[in-house]
Amino acid sequence: MIEEKIKKLIQESLKKIGIESAEVVLEHPAEITNGDFSTNIALALAKSLKMKPRELAGKILVELEKSKPRDFERLEIAGPGFINFYLAKTFFTENVATVLKEGGNFGKNSTRKGEKIIVEYTNTNLFKELHIGHMMSNNIGESLSRIWEFQAAEVKRDTYQGDVGLHVAKAIFGMQKLVSEMPKESASLHEKIVFLGKAYAAGSVAYDEDKTSEARIKELNKIIFEKSDSEINQLYAWGREVSLAHFEILYKKLDTKFDYYFFETEVAEKALAIVTDNLKTGIFEKSDGAVVFKGEQYGLHTRVFINSMGLPTYEAKDIGLAFVKYEKYPFDRAVIITANEQNDYFKVVLKALSLIDAKLAGKIKHLSHGMLKLSTGKMSSRTGNVITGEALIDSVEAMVHKKIEDRELETFERNKIAEAVAIGAIKYSILRQAIGGDIIFDFDKSISFEGDSGPYLQYSFVRANSILAKAAAEKILPDFKHVPDEIFLIERMLTRFPEVVVRAGADFAPHLIATYLIELSSSFNSYYAQNQIVNSGDPTSSYKVALTSAFAQVMKNGLWLLGIPVPSKM
């Protein structure tokens, strides 16, 4: 990448004037008139060298000029001692050619080659619906997985699903109460998932409002865990199958495919054994019939790992999961993505794990995100107390349908576009800001075809493809024989994609790619507004078509990294 090339040149120039090592920082000037790259290295070193920044910048510049490659048009000193780098037109032209040559590989790098990463995200609970919090985790986890794959890492995706626990007991309780309404085997999956949601809601209300029901649900929890009742086992198997089938439909819609599905039942036995074994080491201790980890001595808090009924808690099962996961896939790094309400929980769990196996714990990172909230307040949902991911997608799809109702499209095509635009709108809204803070989802802004939105990115891509189709029809193909003298902003923006990918992977920051794509799209749309791209009478038209093709390719690569679908028409 050109960024690394410039850094190397600066370091070599520093050595020639007697400065052996220094960290070189490059940035893109806010104003394009100040160059493509700028460094403050002279300002950073001047004081320690007892020199004036501009004087030191001048010495560095002299050495840079001696070995200035053809990639640069000129170098200059600005302000108090910044050194600005202006890239040559030939560099940008060659970059466009490189994009066309590398295609889907443009922007890839090998910074993580040989690294084995497993990313855990979405983490649904069976017998409950996938809510909008799961959408946050899913979109972030999928995008990070793709970014690291783009950097040559071997990436595995996993999801850890709650298939036992009070939520399951509440659903089974509700199923027993509503058994007369239970769908027949021939019923649709939709009818079955509606019933399951209704059963869970009934069980939740009963648990909260009736002490007898609460006691029965707690008893059911133990029976389910022990698999000691054949009738309950049948209800459990039915609900489990319905939940998993429903989740797969949503995963497919979100373009996520997991390599591993881990379940609480799968890790429970191991969790019990690990915690019990470490009672003798003093990591855990007994307290009121339960087994706890006293976190206060580490600046944390006490949490229960085995409850008074002898069952492993979520905490213990996450310890067991770490070992099961590593046995299945010996990773170099594991990333667990959840809502930030679990921050304190994971601090305790990972601290306990570090005392059990420091090496394993050191490979695991918990990455948390904020909440997804609606600007409109509440939205109706099947159970009445949660906003499901499915309901959010359906609501946005309905708005998109209304937006494109006047366009002449086949029904199948219209539905396909509406789904792609809805998914793009939601994913972009989640990924456009740094991971960690809450996100306010604005329905109207999210589906806008102008400005800061996913559909704007999709529309820009579709526009470029439309231009390319027109060029092909007029037999104007990408060519570099006649290149305009002017350097266009779109050319400058295209060169930045590889460095954005590197930073996004290093900083766990898909939002950097989202921001870049908005700026790239803006530069292309401005270029389109000011230039006639397809013009058989213009000898530079072939280059303009090449530039448009390069833009479309980088957009496609970038949208893939965000998991945003690219429709063929809008």
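Preceding block: the structure.
For the structure given in this document, a descriptive report is provided here. Because the structure is a prediction, the values reported are computed rather than measured. (Residues numbered from 1 in each chain as written. Predicted model: local features only at pLDDT ≥ 70, side-chain atom pairs only at ≥ 80, totals over all residues. Heavy atoms only, no water.)

**Let's talk about helix H11 (residues 314–328)**
Now for step 1: Between its terminal C-alpha atoms H11 stretches 20 Å, which fits the 21 Å expected from 15 residues at 1.5 Å a residue.
Now for step 2: Across the 15 residues that make up H11, a large majority, 11, are buried.
Now for step 3: Every buried residue belonging to H11 is among Glu-315, Ala-316, Lys-317, Asp-318, Ile-319, Gly-320, Leu-321, Ala-322, Phe-323, Val-324 and Lys-325, and all of these are buried. (Helix = DSSP H or I, 4+ residues; strand = E, 2+ residues; numbered from the N terminus. Expected span 1.5 Å × (residues − 1). Buried < 20%, exposed > 50% of the residue type's maximum accessible area, 1.4 Å probe, protein only.)

**Focus: the nonpolar core**
Now for step 1: With 120 residues, the main nonpolar core has Trp-148, Ile-172, Val-396 and Leu-520 as its most contacted residues.
Now for step 2: Counting residues per element, this core draws most heavily on helix H21 (residues 541–562), at 12 residues.
Now for step 3: If sequence neighbours within four positions are ignored, Val-396 has contacts with Ala-422, Ala-425, Ile-426, Phe-441, Phe-443 and Ile-447.
Now for step 4: With 34 residues, the next largest nonpolar core counts Tyr-160, Tyr-260, Ile-274 and Phe-293 among its residues. (Core = buried A, V, L, I, M, F, W, Y, C linked by side-chain atoms within 4.5 Å. Contact = heavy atoms within 4.5 Å.)

**Some points on the sheet that holds strand E9 (residues 290–293)**
Now for step 1: An order of E8-E9-E10 is seen for the three strands of this open sheet, with the pairing classed as antiparallel. Because the sheet does not close on itself, it has two edges, and the strands there are strand E8 (285–287) and strand E10 (303–306). The mean inter-strand angle of the sheet, taken between neighbouring strand axes irrespective of direction, is 55°.
Now for step 2: Bridge count for E9 against E10 is three bridges, and the pairing is antiparallel. Residue pairing for E10: Phe-293 is matched across the bridge by Arg-303. (Pairing = 2+ DSSP bridges. Axes fitted to C-alpha atoms, helices over the stretch in contact; angles between N-to-C directions.)

**A few points about the packing of helix H7 (residues 189–209) against helix H8 (residues 211–226)**
Now for step 1: Relative to each other, H7 and H8 sit at 120°, their axes nearing to 6 Å. Classified by the angle between their axes, H7 and H8 sit oblique to one another. As for the relative orientation of H7 and H8, their crossing is left-handed in sense. Listed contacts from H8 to Gly-203, Ala-206, Tyr-207 and Glu-209 of H7 are Lys-211, Ser-213, Glu-214, Ile-217 and Lys-218. (Parallel < 35°, antiparallel > 145°, perpendicular 65-115°, else oblique. Left-handed = near helix turned anticlockwise from the far one by under 90°.)

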